Amino acid sequence: MKTDIRFTHRELVEKSKSGDRNSQHQLYGLYVDAMYNVCIRMLDIREDAEDVLQDSFVDAFNNLRHFKYESTFGAWLKRIVINKSINHLKVKRVPIATMEDHEFYLTEEPNEQVEAMDIQKVKTGIAQLPTGYRQIISLYLIEGYDHGEIGEILGITSSTSKSQYHRAKKRLIDIIKTL
């Protein structure tokens, strides 16, 4: 009999809902590394990532009663982490340029394709991107959100998300070529 993945760690989640600190600690241990990686990709500053991570877990445990197994606990927690990271960036007033701010808009993929590269070069390149570009690349390529979802998360249109993604990708390719 196949188990529904949405119920992964159900016993720990249910015990955590009732306030069992040991279960909360176990859930924290299971997810802290993955959620830290999401934070650091979004924020790029270790101290900010650690702060947002802790706030995210506190919010998650305080709002566990709202978790209804419509997704996995990890996916639910990841959404909290991403939203908290974006809110943190908004407070720091990191701008995302709109399409109207640029003289061109790419509607097709650039012809230039990136061949298989050293993963470290890609990581280094992403780290060198401006924060807005890094956000779009992280949400789209790494976290798997589509442009409509990214638009909702960042408060921009999906076409702005697409244009930002294309610019970020082009910039990333240029950075990687110099490494």
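The residue numbers shown here count from 1 along each chain, following its written sequence. Totals for whole chains, interfaces and linings use all residues, but because this is a predicted model, local features are given only for residues with pLDDT of at least 70 and pairs of side-chain atoms are given and counted only at 80 or more. Only heavy atoms go into the side-chain values, all of them from the structure, while hydrogens and water stay out.

Caption draft 1: Broad picture of the confidence of the model for the protein. Per-chain confidence: the protein averages 83 in pLDDT, with 83% of residues scoring 70 or above. Note on scores: pLDDT gives the predictor's confidence for each residue, bounded by 0 and 100. Numbering of helices and strands runs from the N terminus, with a helix taken as a DSSP run of H or I at least four residues long and a strand as a DSSP run of E at least two residues long. By mean pLDDT, helix α7 (residues 147–154) is the weakest element of the protein at 84, and helix α3 (residues 46–62) is the strongest at 95.

Caption draft 2: Molecular detail of the nonpolar core. One finds Phe57, Phe73, Leu77, Leu139 and Leu154 to be the most contacted residues of the largest nonpolar core, which totals 43 residues. Those elements that provide at least two residues to this core are α1 (10–17), α2 (21–43), α3, α4 (73–91), α6 (131–142), α7 and α8 (158–178). Nonpolar cores were defined as sets of buried Ala, Val, Leu, Ile, Met, Phe, Trp, Tyr and Cys residues, with membership established by side-chain atoms within 4.5 Å. Classification of residues uses two cut-offs on accessible area relative to the type maximum, computed with a 1.4 Å probe and protein chains only: under 20% is buried, over 50% is exposed, and between them is partly exposed.

Caption draft 3: Examining unusual backbone geometry more closely. One non-glycine residue, Asp44, adopts positive backbone phi at about 65 degrees. Locating Asp44 in the fold gives a position in the loop between α2 and α3. What makes Asp44 partly exposed here is its relative accessible area of 36%. Notably, Tyr69 is not glycine yet its phi reads approximately 60 degrees, a positive angle. Topologically, Tyr69 is positioned in the loop between α3 and α4. The buried category is assigned to Tyr69, whose relative accessible area is 6%.

Caption draft 4: Local environment of the environment of Tyr69. For Tyr69 and Thr8, which are 61 residues apart along the polypeptide, the C-alpha to C-alpha distance reads 9.3 Å. A 3.5 Å cut-off defines polar contacts: any pair of N or O atoms within that distance qualifies, except that in protein one atom must be a possible hydrogen donor and the other a possible acceptor, and neighbouring residues in sequence count only when both atoms are side-chain atoms. Side-chain polar atoms of Tyr69 contact the side chain of Glu14, separated by 2.7 Å.

Caption draft 5: Examining the packing of aromatic side chains more closely. Stacked, tilted and edge-to-face are the three classes assigned to paired rings of Phe, Tyr and Trp, where Trp is represented by its six-membered ring and a pair needs centres within 6.5 Å; plane angles under 30 degrees give stacked, over 60 edge-to-face, the rest tilted. Counting across every chain of the model gives eight aromatic pairs. Grouping aromatic residues by their ring pairs yields a cluster made of Tyr31, Phe67, Tyr69, Phe73 and Trp76. Between Arg10 and the ring centre of Tyr69, over which it is positioned, the NZ or CZ distance is 4.7 Å. Counted as over-ring charges are cases with an Arg CZ or a Lys NZ within 6 Å of the ring centre that also lie within 35 degrees of the ring normal.

Caption draft 6: Broad picture of the packing of α6 against α7. The interhelical angle for the contact between α6 and α7, taken along N-to-C directions, is 135 degrees, at an axis separation of 10 Å. The angle between α6 and α7 places the two elements in the oblique class. Of the two elements, α6 crosses α7, and the hand of that crossing is right-handed. Two secondary-structure elements touch here, α6 through Gln135, Ile136, Leu139 and Tyr140 and α7 through His147, Ile150, Ile153 and Leu154. Only the stretch in contact is used when a helix axis is fitted, and all axes are lines through C-alpha atoms; the angle between N-to-C directions ranges over 0 to 180 degrees. Here the word oblique covers every angle except those under 35 degrees (roughly parallel), over 145 (roughly antiparallel) and from 65 to 115 (roughly perpendicular). A clockwise turn of the near helix away from the far one marks a right-handed crossing, whereas an anticlockwise turn of less than a right angle marks a left-handed crossing. We call two residues contacting when some pair of their heavy atoms lies within 4.5 Å.

Caption draft 7: Representation of the packing of α2 against α3 in the model. The geometry of α2 relative to α3 is characterised by a closest axis approach of 9 Å and an angle of 140 degrees between their N-to-C directions. In this view, α2 runs oblique relative to α3, as classed from their interaxial angle. Between α2 and α3 lies a crossing whose hand is right-handed. Contacts from Gln24, Leu27, Tyr28, Tyr31, Val32, Met35, Tyr36, Cys39, Ile40 and Leu43 of α2 reach α3 at Arg46, Asp48, Ala49, Glu50, Val52, Leu53, Gln54, Phe57 and Phe61.

Caption draft 8: Expanded view of the pattern of salt bridges. What makes a salt bridge here is a side-chain nitrogen of Lys or Arg within 4 Å of a carboxyl oxygen of Asp or Glu, nothing more. As enumerated under the stated definition, the model contains nine salt bridges in all. In this structure, the salt-bridge partner of Glu143 is Arg41, at a minimum N-O distance of 2.5 Å. With Glu143 in the loop between α6 and α7 and Arg41 in helix α2, this residue pair connects regions lying 102 residues apart in the sequence. Sharing partners across several salt bridges, the network here consists of Arg41, Lys78 and Glu143.

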